[in-house]
Amino acid sequence: MRNYKTLCATLLVLASATAQAQILIGQTAGFSGPVAAGVKEVTDGAKLYIDSVNAKGGVGGQKIELLSLDDKFDPKLAGENARKLIEEQNVAAMFLTRGTPHTDAVQPLLDKHGVPLVGPSTGAMTLHQPVRKHIFNVRATYQREAEKAVTHLATIGMSKIAVVYVDDSFGEDGLTGAQKGLASAKLNAVALEKFDRVKPDFSKIAPVVAKSGAQAVVMIAAGAAVVDGIKAFRAAGSNCQVVTLSNNASGGFIKSLGDNARGVIVSQVFPQSLSYGLVKEAQDLARTKDMAEVSPAMLEGFAAAKVLVEALRRTGGKPTRDKIQAALEGMNKFDLGGLEISYSPKDHTGLDFADLAIITSDGRFRR
C-alpha cells in the first residue's frame, strides 16, 4: 500500500509538472458583438501558427496556451478580462486585443505588472507615438490606411469624397489619416459625418451623403456599422463607392454585407501574394487543416503569432514577463517572410505596409 501511495504521489507531481510546462498567453477581444467575425478570423490565424509550433514540441519543450476571453467589444469588460488574465491566471504576455479604447483600458494593467502586449488588433496612432512601454505593434496604422485609401480614390479621378466615422478614438484616428490624403490631393470632404459607437444611426447621415453627391465614402467603423451604413446609403439613393479599413478585412465581413458586398474596397495591412514567404507559409499550413484560404484577417493573426513565438524563443527557455519584454525590445529586422519588423526601447512601431483590395462577385478580396 505504501508503494502504491508513493507511486500515486509521484504521478501527481509529474502531472503537475506537465501541466505547468505551458506558456500562458492572455487575450481579450470581442468574440461576440459587432466585430465578432473579424476577431474569430484573426484569432484563427494566430492559432494556425501556434498550433504548428506546439505540434513540434512548443518553445523549449513548453506548449503555448492561448487563454481567450470575450469582452463583447466593451472597453470596460476588456479591462476586467485583462485583470483576470494578468492577476489571476498569471499570463506571461497579452496578445491580440481588439479595438483602440479596449487596448487603452488594458494598458494600466500592463504597466502595473510589467506585462508585454503583442499585436493589438488596432492601428491607432496613439499606440505607436509616443511609445507605450509594454505595447508592441505588428500591423500598420489606421492613419496610413485611410491616407492610402483617399489617395487611391483621388488618383482614379474621384473628387467628391465623403468621410463617415465612428465617434471614438478609432474614428478620430482614421479621420486624421483621411484628411491627410485629402490635403495631399488638394480636396475637401463633401460630407464629414460621425455616429455613436454604441447605437449607430444612419437615418440622418445617409440623406446627407446622398445629397452631397459623394462619388465615394471612406467609412471608418466596425463591421456591423459599415454593413448598416451601406444599406442606408443605398436606400437613400447613393451609389457611392465605399472604402473601409482593414479592421473589416475578414470573410465574415463579406458575408454580413450580403448583396452589397461586391465592389466594396477594404484596405489591407498585409500582402496577399504568394511571392511573400509569410503568405505561402500560412496557406501551406491552412491546407493541412483543410482550410480553403487564409483571409487578410487570419494573416494578421498569423503574423502577430510569429512575432510572439520568436520573442518566447529568445528568452532562453524562461519566458517570464520581463524576459519577453527584453526579447521584444531587442528584436531587430526579424523576417516574417518577406516583411521585416524591428523594435527597440524607443520604437514599438509595427510594419508600414498598406494596400487596397476590392471584394469581387465571388466573395473574395482581390487587389
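Residues numbered from 1 in each chain as written. Predicted model: local features only at pLDDT ≥ 70, side-chain atom pairs only at ≥ 80, totals over all residues. Heavy atoms only, no water.

### Some points on the sheet that holds strand β8 (residues 216-220)
Taken in spatial order, the seven strands make up an open sheet running β7-β6-β8-β9-β10-β13-β14, and their pairing is mixed. Of all the strands in the sheet, the pair left with one neighbour each is β7 (191-195) and β14 (365-366). As judged from the five bridges shared by strand β6 (residues 161-166) and β8, these two strands associate in the parallel manner. Each residue of the ladder has a partner; that of Ile161, found in β8, is Ala216. Against the sheet, helix α5 (residues 142-155) touches β6, β8, β9 (241-244), β10 (265-268) and β13 (355-359), its axis set at about 65° to β13. (Pairing = 2+ DSSP bridges. Helix = DSSP H or I, 4+ residues; strand = E, 2+ residues; numbered from the N terminus. Contact = heavy atoms within 4.5 Å. Axes fitted to C-alpha atoms, helices over the stretch in contact; angles between N-to-C directions.)

### Regarding the nonpolar core
By size, the foremost hydrophobic cluster in this structure holds 52 residues, and its most contacted members are Val164, Phe233 and Ile359. Those residues within four positions of Ile359 in sequence are excluded, and the remaining contacts are Phe253, Ile254, Leu257, Ala261, Arg262, Gly263, Val264, Val266, Arg364 and Phe365. Core analysis: the second largest hydrophobic core is formed by 49 residues, Ile25, Tyr49, Val138 and Leu339 among them. (Core = buried A, V, L, I, M, F, W, Y, C linked by side-chain atoms within 4.5 Å. Buried < 20%, exposed > 50% of the residue type's maximum accessible area, 1.4 Å probe, protein only.)

### Details of unusual backbone geometry
Following Gln129, the chain continues into Pro130 via a peptide bond in cis, with omega recorded as -5°. Residue placement: Pro130 occurs in the loop between β4 (117-118) and β5 (135-136). The residue Phe73 is not glycine, and still its phi comes out positive at about 60°. With respect to the element layout, Phe73 can be found in the loop between β2 (63-70) and α3 (75-88). A relative accessible area of 13% places Phe73 in the buried class. The residue Asn90 is not glycine, and still its phi comes out positive at about 60°. Within the secondary structure, Asn90 is located in the loop between α3 and β3 (93-95). Using a relative accessible area of 53% as the deciding quantity, one classes Asn90 as exposed.

### Let's talk about the packing of helix α10 (residues 277-288) against helix α11 (residues 296-313)
Where α10 contacts α11, the two axes come as close as 11 Å, and the packing angle between them is 105°. Comparing their axes, α11 and α10 come out roughly perpendicular. Packed against α10, whose contacting residues are Leu278, Val279, Glu281, Ala282 and Leu285, the element α11 presents Leu299, Phe302, Ala303 and Lys306 at the interface. Here the contact of α10 with α11 is built from residues that sort into seven nonpolar, no polar and two charged. (Parallel < 35°, antiparallel > 145°, perpendicular 65-115°, else oblique. Nonpolar A, V, L, I, M, F, W, Y, C, P; charged D, E, K, R; others polar.)

### Some points on the sheet that holds strand β1 (residues 22-29)
The strand order across the open sheet built from five strands is β2-β1-β3-β4-β5, with neighbouring strands paired in parallel fashion. Both edges of this open sheet fall to β2 and β5, since each of them pairs with a single strand only. Note: β1 against β2, eight bridges, orientation parallel. Following the sheet pairing, Leu24 is matched in β2 by Glu65. The strands that α11 touches are β1, β2, β3 and β4; relative to β3, the one it contacts most, it runs at about 170°.

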